[in-house]
Amino acid sequence: MRHEYGDGLNQAVENTAGDFIFIEPGVPHEVFNVSDTEPVVAVVARSDASEWQNIAPYPSARRSAAGE
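Here the structure is a predicted model, which is why all the values come from computation and not from measurement.

Asks: Just checking my understanding: could you explain the overall build of the protein chain for this structure?
Replies: Across its full length, the protein chain carries 1 helix and 3 strands. Counting from the amino terminus, the protein chain carries its helices and strands in the arrangement β-β-β-α. The 68 residues of the protein chain split such that 15% are buried. Restricting the contact set of the protein chain to residue pairs at least 6 apart, pairs at least 24 apart contribute 47%.

Asks: Help me understand the layout of surface pockets, please; the structure alone is not making it clear to me.
Replies: Over the atoms rolls a probe the size of a water molecule, and in doing so it shows where empty space is left. Considered as a void within the structure, the largest pocket measures approximately 1300 Å³ in volume. Ile23, His29, Val44, Ala45 and Arg46 are the residues nearest the centre of the largest pocket, which is lined by 37 residues in total. No other element matches strand 3 (residues 29-32), which puts 3 residues into the lining of the largest pocket. Grouping the amino acids of the lining of the largest pocket by side-chain chemistry returns 22 nonpolar, 8 polar and 7 charged.

Asks: Sorry, what's going on with the pattern of salt bridges here?
Replies: Where charged atoms from two side chains of opposite charge come close, those side chains can pair. Scanning the model with the defined rule gives 2 salt bridges in all. With its nearest N and O atoms 3.0 Å apart, the salt bridge here joins Arg2 to Glu4. Look at Glu4 and you get buried, because its relative accessible area is 7%. Of the charged contacts in the structure, one is a salt bridge between Glu14 and Arg2, with a shortest N-O distance of 3.7 Å. Of this pair, Glu14 sits in strand 2 (residues 11-14) while Arg2 sits in strand 1 (residues 2-5), and the two are 12 residues apart along the sequence. What you see here is one network of salt bridges that share partners, running through Arg2, Glu4 and Glu14.

Asks: I tried to follow the pairing of strand 3 on my own but got confused; where do I start?
Replies: Walk down a regular strand and you will see the side chains alternate between the two sheet faces. Burial along strand 3 is one-sided: Glu30 and Phe32 are buried, and none of His29 and Val31, which face the opposite way, are. Pairing of strand 1 with strand 3 involves 4 bridges; the strand directions are antiparallel. Considered in strand 3, the bridge of Tyr5 is made with His29.

The rules behind the values
Residues numbered from 1 in each chain as written. Predicted model: local features only at pLDDT ≥ 70, side-chain atom pairs only at ≥ 80, totals over all residues. Heavy atoms only, no water. Helix = DSSP H or I, 4+ residues; strand = E, 2+ residues; numbered from the N terminus. Buried < 20%, exposed > 50% of the residue type's maximum accessible area, 1.4 Å probe, protein only. Contact = heavy atoms within 4.5 Å. 1 Å grid on protein atoms, 1.4 Å probe; cavity = no way out; pocket = protein on both sides within 12 Å on 5 of 7 lines; lining within 4 Å. Points joined across faces, edges and corners; volume = space filled by probe spheres on them. Nonpolar A, V, L, I, M, F, W, Y, C, P; charged D, E, K, R; others polar. Salt bridge = Lys/Arg side-chain N within 4 Å of Asp/Glu carboxyl O. Pairing = 2+ DSSP bridges.

Structural data, given as structure tokens:
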């Protein structure tokens, strides 16, 4: 799993099974499965149940290059 985060999603980290990931509130981020054959299973916890309604699209260089 690859996380791209920060302004412009210009920072990235790859995570593997067993990793704990903390993303501060308000930090833009996007998650990608880097495998073409293996699914990703993740447990996600948020401190505010209403946070899902606050998720907004964020422009990324990857999506712009792909024409999305």
